[in-house]
Amino acid sequence: MKTLDQYLNEQLQNESFKEEWEANQPEMDVIRAIVDARISQNLTQKELAERTGINQADISKLENGTRNPSLKLLKRLAEGMGMTLKLEFVPKSAGK
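Residues numbered from 1 in each chain as written. Predicted model: local features only at pLDDT ≥ 70, side-chain atom pairs only at ≥ 80, totals over all residues. Heavy atoms only, no water.

**Q** Hey, could you run me through the overall build of the protein chain in this one?
**A** A tally of helices and strands in the protein chain yields five helices and zero strands. In the protein chain, the order of α-helices and β-strands from amino to carboxyl end is α-α-α-α-α. A globule of 96 residues ought to have a C-alpha radius of gyration of about 12 Å, yet the protein chain, at 16 Å, is considerably larger. Structurally, the protein chain occupies a C-alpha span of about 45 × 35 × 20 Å along its principal axes. (Helix = DSSP H or I, 4+ residues; strand = E, 2+ residues; numbered from the N terminus. Rg over C-alpha atoms; globule rule 2.2 N^0.38 Å.)

**Q** Just checking my understanding: could you explain the layout of surface pockets for this structure?
**A** Space left empty within the atom packing is revealed by a probe, the size of a water molecule, rolled over the atoms. Empty space within the largest pocket amounts to approximately 1,100 Å³. Lining the largest pocket are 33 residues, with Gln25, Pro26, Asp29, Val30 and Leu87 positioned closest to its centre. Broken down by secondary-structure element, the contributors of at least two residues to the lining of the largest pocket are α2 (15-40) and α5 (71-80). Counting residues per element, the lining of the largest pocket draws most heavily on α2, at 12 residues. (1 Å grid on protein atoms, 1.4 Å probe; cavity = no way out; pocket = protein on both sides within 12 Å on 5 of 7 lines; lining within 4 Å. Points joined across faces, edges and corners; volume = space filled by probe spheres on them.)

**Q** Would you mind showing me how to read the packing of helix α3 (residues 45-52) against α5 here?
**A** The description of two packed helices rests on the angle between their axes and on the distance between the axes. With their axes 9 Å apart at the nearest point, α3 and α5 run at an angle of 105 degrees to one another. When the interaxial angle is binned, α3 and α5 end up roughly perpendicular. Along its contact with α3, which presents Leu48, Arg51 and Thr52, the element α5 presents Arg76, Leu77 and Gly80. Its residues placed into classes, the contact of α3 with α5 shows two nonpolar, two polar and two charged. (Axes fitted to C-alpha atoms, helices over the stretch in contact; angles between N-to-C directions. Parallel < 35°, antiparallel > 145°, perpendicular 65-115°, else oblique. Contact = heavy atoms within 4.5 Å. Nonpolar A, V, L, I, M, F, W, Y, C, P; charged D, E, K, R; others polar.)

**Q** I tried to follow a negative patch on the surface on my own but got confused; where do I start?
**A** A surface patch of negative charge is lined by Glu15, Glu19, Glu20 and Glu22. Relative to the helices and strands, glutamate 20 resides in helix α2. (Patch = residues over 30% accessible without salt bridge, like charges linked within 9 Å, V, L, I, M, F, W, Y side chains within 5 Å. Areas by Shrake-Rupley, 256 points an atom, 1.4 Å probe, with all protein chains shown as cover. Salt bridge = Lys/Arg side-chain N within 4 Å of Asp/Glu carboxyl O. Lys, Arg positive; Asp, Glu negative; His and termini not counted. Charge placed at Lys NZ, Arg CZ, Asp CG, Glu CD.)

**Q** Where do I start with the environment of lysine 75 in this structure?
**A** Turning to its location among the elements, lysine 75 is positioned in helix α5. With relative accessibility at 51%, the residue lysine 75 sits in the exposed group. Sequence spacing of lysine 75 and lysine 86 is 11 residues, and the spatial spacing of their C-alpha atoms is 9.2 Å. (Buried < 20%, exposed > 50% of the residue type's maximum accessible area, 1.4 Å probe, protein only.)

Below is the structure:
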């Protein structure tokens, strides 16, 4: 049986899959950052909702990718976790 990483590496050999995967990476990075930050604070979605005034269902939608957060919402989440929001632009790799 293949691992997820093995399967992903195989799929990334397909150029159209790779392009779509890379196009979705910024959104996936935001989702992962939200989830990782919440978990690092040992917070449930409900606890984060109570700290931020953001509905728990909306936090769930952010974390499962069915809602795109505004910058203002990201700042509220960061504040509720005692964190500072940091965004950065990085140069593309030479091969892109």
